[in-house]
Amino acid sequence: MTADFSTRRHIGRPRLVDLLLLAFGLTALGWSALAASSARRDLETVRAAVQQFHASAGEEEKRVRELEDRRHDRTDPLARQAVQTLASPPPRILADLEPTVPTGARLEALTLTYGHEAVELELTLLARTPETYDDFVARVERSGLFGDLAFGSENRTGEMKVTLRARYRPEEGS
Amino acid sequence: MVAFDVGRVWGVLVRRGLAQARLVGAARETLPQGALKPSPHERNLLRPAEVRDAVHAVCAQLGLAEGQRADLILPAGIARPVLFDPPAGDTTPDSLRFRLANALPYAASEAVVGTIPVPPGRVLAAAARRSVVAEYEAIVEAAGCKPRRVELAPLVAFAGLLARPLPARALDVVLGEAAVSLARWEHTGLATFRTRLRTVSRDDLAWLAAEIERAAQTNGQTSFAAVRLAGAGACALADHARANGREALLAWDLAQPPSGMEPAEIAWLGGVLR
């Protein structure tokens, strides 16, 4: 084919190579559209996950802030009890109590009550002699960790079994 | 594809493959004398009804259905192709129209222009008057076909010839019934190109032979290797040239040409079957 001198506008019959190129172009366009659509879906999924994460992080932050507030709120008994539990766990109380028990005496029972203001202890001590018991009382008082001591009835002949109440005061210990 | 010349209308069916086009059918109708007279600016179809009937007959012989699209090949003589170097390779229609304007016997705005590339870097350009092209389009439409592309016989012929370059000092001669184009080859490709009107009153063969000798002259001396001929009267002119000691070739041939067709006598055939 050479130059076209036609005076009319016409659309020539497409050649095979034109059709192949058109098919190739349309296929490429289709693939691009699919890839773009897939990428968009991925982006939306990631956005949703990020949004969910932000929401969850916000809730956690809110919960932590509430707990913090409750910790400092002395009017909230539950919060105070929780704070007492965290500050004075049973292993720590036992560890503080252990040096006060002299040789020749042993703890028969120990009950811990986590109250609103402090931890209340009720312990039963078995001492071989009255002197041993006195030594225990002296040690408890010296430690400064236990206050408001209330002694039960005593039988100071031979082996002694005494019930004793106290309030745990770790912040005042030596 | 419907092709016109002064004395005949050709119809050919061409099947285009990936590598090459193939001729699958051909039909010819003779036009009465004076029915068609190629001219760059005047009315070409002097007896349109007879031309329309010839086109219709050709389409019928080829089995073309009513309304089927057909490309047109217009005869030599309606445009005068020019070989030139486009400045900065500019071959836009406006640039070509400006370049060809001085040689047109009508307003440049009425020209439909086109080119074929001529390596290295030159173009063969032609301008056809819009009203002349429209005449041919209208007659094909009146014959029942739908006109599509319109090409010029000399440009189609040279498109085929340029695909098979000749050695230096050889000539290509494209013969239309109304005009003849002569091109001389040099080492760098096509070097000169000229078109002459052909008149029936002359001793045609002698006049053509003289034109060939003139086209082959460089610096006042005639020196050419061979002449390659295509178009109306190519076989007779080849014989004439050989009889005068010149090497003459026919531009194209077909292994099995349709009945009544001499391939070398159809100038545009090689360009169509590229």
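Residues numbered from 1 in each chain as written. Chains lettered and ligands numbered in written order. Predicted model: local features only at pLDDT ≥ 70, side-chain atom pairs only at ≥ 80, totals over all residues.

Undergrad: So what's going on with the overall build of chain A? Residues and values would help.
TA: Of regular secondary structure, chain A possesses 4 helices and 4 strands. Reading chain A from its N end, one meets helices and strands in the order α-α-α-β-β-α-β-β. Counting every position in chain A, which comprises 174 residues, the buried fraction comes to 11%. Here the contacts in chain A between residues at least 6 apart in sequence split such that 53% fall between residues at least 24 apart. (Helix = DSSP H or I, 4+ residues; strand = E, 2+ residues; numbered from the N terminus. Buried ≥ 20, exposed ≤ 12 C-beta atoms within 10 Å, placed from the backbone. Contact = placed C-beta atoms within 7 Å.)

Undergrad: Quick rundown of the interface of chain A and chain B? Include the residues and the values.
TA: Contact with chain A, which involves 11 residues of that partner, is made by 20 residues of chain B. Class assignment of the residues belonging to the side of chain A that touches chain B gives a composition of 4 nonpolar, 5 polar and 2 charged. (Nonpolar A, V, L, I, M, F, W, Y, C, P; charged D, E, K, R; others polar.)

Undergrad: Can you tell me about unusual backbone geometry, naming the residues and giving the values?
TA: Leaving glycine out, the prevailing phi sign among residues is negative, and the prevailing peptide bond configuration is trans. Omega for the peptide link from Pro119 of chain B to Pro120 of chain B comes to 0°, which places this bond in the cis form. For Pro120 of chain B, the position within the fold is in the loop between β6 (111-118) and β7 (122-129). The backbone phi angle of Asp148 of chain A is positive, close to 50°, even though this residue is not glycine. By secondary structure assignment, the location of Asp148 of chain A is in strand β3 (residues 146-151). The class of Asp148 of chain A is exposed, set by 12 C-beta atoms lying within 10 Å.

Undergrad: If you had to explain the sheet that holds strand β10 (residues 179-186) of chain B to someone new, which residues and values would you point to?
TA: Residues and elements named next belong to chain B. As summarised here, the arrangement of the 5 strands in space is β11-β10-β9-β14-β15, forming an open sheet in which the pairing is mixed. With partners counted over all chains shown, the strands left at the sheet margins are β11 (189-197) and β15 (248-250), one partner each. Each strand axis lies, on average, 20° off the axis of its neighbour in the sheet, ignoring direction. (Pairing = 2+ DSSP bridges. Axes fitted to C-alpha atoms, helices over the stretch in contact; angles between N-to-C directions.)

Undergrad: An account of the pairing of strand β1 (residues 105-114) of chain A is needed here, citing residue identities and associated values.
TA: Residue and element names in this part refer to chain A. In terms of strand pairing, β1 meets strand β2 (residues 119-127) through 9 bridges, oriented antiparallel. Paired with Leu110 across the bridge in β2 is Leu123. As consecutive antiparallel partners, β1 and β2 are separated by 4 residues.

Undergrad: Any chance you could break down the nonpolar core for me, citing the residues and the numbers?
TA: Within the largest apolar cluster, 92 residues are counted, with the highest numbers of intra-cluster contacts made by Val55, Leu74, Ala128, Ala153, Leu229, Ala230 and Trp268 of chain B. Of the residues forming this core, the biggest block, 8 residues, is contributed by helix α4 (residues 153-162) of chain B. Excluding residues within four positions of it along the chain, Ala153 of chain B makes contact with Ala3, Ile73, Leu74, Pro75, Ala76, Gly176, Ala267 and Trp268 of chain B. Ranked by size, the runner-up nonpolar core spans 13 residues in total, among them Val119, Ala127, Phe146 and Met160 of chain A. (Core = buried A, V, L, I, M, F, W, Y, C linked by C-beta atoms within 7 Å.)

Undergrad: A description of helix α3 (residues 130-142) of chain B should follow, citing residues and the corresponding values.
TA: Residue and element names in this part refer to chain B. If you check α3, its first and last C-alpha atoms are 18 Å apart, about what 13 residues at 1.5 Å a residue would give, namely 18 Å. Within α3, burial applies to Val132, Val133, Glu135, Tyr136, Ile139 and Val140. Seen along its axis, α3 keeps its buried residues to an arc of 150°; they face one direction. Next to the buried residues of α3 lie β1 (2-4), α1 (48-62), β4 (69-74), β6, β7 and β8 (146-152). One or two residues past the end of α3 sits Gly144, with phi positive at roughly 110°. (Expected span 1.5 Å × (residues − 1). Arc of directions from axis to C-beta.)

Undergrad: Before we move on, can you summarise the confidence of the model for chain B with the specific residues and values?
TA: Residues and elements named next belong to chain B. Confidence in the prediction of chain B, expressed as mean pLDDT, is 91, and 98% of residues score 70 or more. Element-level mean pLDDT values for chain B span from 66 in strand β13 (residues 221-222) up to 97 in β1. Interface confidence in the predicted complex, given as ipTM, is 0.89; pTM for the same model is 0.65. (pLDDT = per-residue confidence, 0-100.)

Undergrad: I'd like a description of the environment of Leu162 of chain B, backed by residues and values.
TA: For Leu162 of chain B, the location among the structural elements is in helix α4. Placed 43 residues apart in sequence, Leu162 of chain B and Pro119 of chain B show a C-alpha to C-alpha distance of 8.5 Å.

Undergrad: Please set out the pairing of strand β2 (residues 8-16) of chain B residue by residue, giving values where relevant.
TA: Residue and element names in this part refer to chain B. In this structure, β1 lies alongside β2, joined through 3 bridges in antiparallel fashion. Within the sheet, the bridge partner assigned to Val2 lies in β2 and is Gly11. Hairpin geometry of β1 and β2 is characterised by an intervening segment of 3 residues between the two adjacent antiparallel strands. When β2 meets strand β3 (residues 21-30), the two strands line up antiparallel, connected through 9 bridges. Of the residues in β3, the one forming a bridge with Val9 is Glu29. Hairpin geometry of β2 and β3 is characterised by an intervening segment of 4 residues between the two adjacent antiparallel strands.

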